[in-house]
Amino acid sequence: MSNIKHEDAIMKMGFRYFRDQILKMLGIDYDYVDIGPTELVELTIHSMFMDFTFLTIEDFYIHVEFQTTDSGEDDLRRFHAYEAVFSHETGKKVLTYVIYSGGIKNARDTLDCGTYSYKISPIFLTQKSADEVFHYLQEKSRKGEGFTDEDYAKLSLTPLMSSGQGRKDTIKTAILLAKQDTRVTAEKTVAILYTMADKFLQGSDLEEIKEVVAMTRLGQMIYDDGLKVGEEKGREEGRARMTALTKTLLASGRMADLQLALDDPGYCEKLMEEYGIK
């Protein structure tokens, strides 16, 4: 299962940022004391994997699921099973929120279980546009304006919004925008975007995002490595030049050129000459 493959450092950072910032932005506003488990072993026969669980200070769990498809009653029965087993294992109440993307604008939220009804709290993000968020942030970058915490929260949610791009490219664009900044909030945004990639992507698409995360973490050092600057002063100058080039290419919408610049130091230098970055 993909949950087993998570790189712990990135994932833990993403969990906490998701819990403390993103959920509140979505109206899931609780105070938490811990991250809950996501793997449930049922009768030692098979495992069930939840997306996120968080223990609140009121001593009940918030369970968050992401859905890109809507299977109606089948989904509700699965969520109900998660809750029942999790509540049995922890001895605590569980509230489930389901965040829908993939063009889903409505879905069943109640399951008739005979003597009682099971209910989830659905959240629909497809009416929001990732492309509008990207355009807004690219304009801010072009004007030299820094991103706010709210900007980063919106950027973290872009993989769940509607977009003219595919999900992989949406995540890649969001990561590259986030990595213009070196603040902790930007790093946390990259962490949650990676978490989204691990949830929604597979195979070569996921590997490509892993490469982007690795390259963006090292992006400001690529120029140094490629040109073998060596000295500390040279490294600082290389970082400043790479940051300037990244901002310029993002503002111009030249995402492919930015990706190639990260891969090819020679092409990176050519672009710097083109934009007069010295």
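Because the structure is a prediction, the values reported are computed rather than measured.

Thresholds applied
Residues numbered from 1 in each chain as written. Predicted model: local features only at pLDDT ≥ 70, side-chain atom pairs only at ≥ 80, totals over all residues. Heavy atoms only, no water. Helix = DSSP H or I, 4+ residues; strand = E, 2+ residues; numbered from the N terminus. Buried < 20%, exposed > 50% of the residue type's maximum accessible area, 1.4 Å probe, protein only. Contact = heavy atoms within 4.5 Å. Areas by Shrake-Rupley, 256 points an atom, 1.4 Å probe, with all protein chains shown as cover. Pairing = 2+ DSSP bridges. Right-handed = clockwise from strand over helix to strand, strands pointing away. pLDDT = per-residue confidence, 0-100. Core = buried A, V, L, I, M, F, W, Y, C linked by side-chain atoms within 4.5 Å.

J.: Give me the overall build of the chain: which residues, what numbers.
T.: When its secondary structure is counted, the chain shows 10 helices and nine strands. Across the 278 residues of the chain, 49% fall into the buried class. Within the chain, counting contacts between residues at least 6 apart in sequence, those at least 24 apart form 62% of the total. Entry remark: accessible area of the chain is about 13,600 Å², with carbon and sulfur atoms responsible for 49%.

J.: I'd like a rundown of unusual backbone geometry, residues and numbers included.
T.: For residues besides glycine, phi is generally negative; the peptide bonds are generally trans as well. A positive phi angle, near 70°, is found at D59, a position not held by glycine. Take D59: it is sitting in the loop between β4 (52-56) and β5 (61-67). Using a relative accessible area of 42% as the deciding quantity, one classes D59 as partly exposed.

J.: Tell me what's going on with the pairing of strand β6 (residues 94-100), and back it up with residues and numbers.
T.: Burial analysis of β6 places six of its seven residues in the buried class, which makes it a mostly covered element. Sheet topology note: the β5/β6 ladder contains seven bridges and is parallel. Residue pairing in the sheet places V64 in a bridge with Y97 of β6. Where the polypeptide runs from β5 across helix α2 (residues 73-90) and back to β6, its parallel neighbour, the crossover connection is right-handed. Of the pairings in the sheet, the one linking β6 to strand β9 (residues 121-124) comprises four bridges and is parallel in character. Its bridge partner lying in β9, V98 is registered against P122.

J.: Go over the confidence of the model for the chain with me, naming the residues and quoting the values.
T.: Here the chain averages 78 in pLDDT, and 76% of its residues register 70 or above. When the criterion is pLDDT under 50, residues 1-12 qualifies, and its contacts beyond four places in sequence or with other chains add up to 17 contacts. Overall, residues 218-231 carries pLDDT values under 50, and its contacts beyond four positions in sequence, including any with other chains, amount to 25 contacts.

J.: Would you mind going over the nonpolar core in detail, with residue names and values included?
T.: Counting 48 residues, the largest nonpolar core has F18 and I99 as its most contacted members. Element by element, the count of residues in this core is highest for helix α6 (residues 184-200), at eight residues. With sequence-adjacent residues up to four places away left out, I99 is seen in contact with F18, L26, V64, E65, F66, Q67, I123, L125 and L160. Core analysis: the next-biggest nonpolar cluster, separate from the first, contains 11 residues, Y82, V98, I104 and F124 among them.

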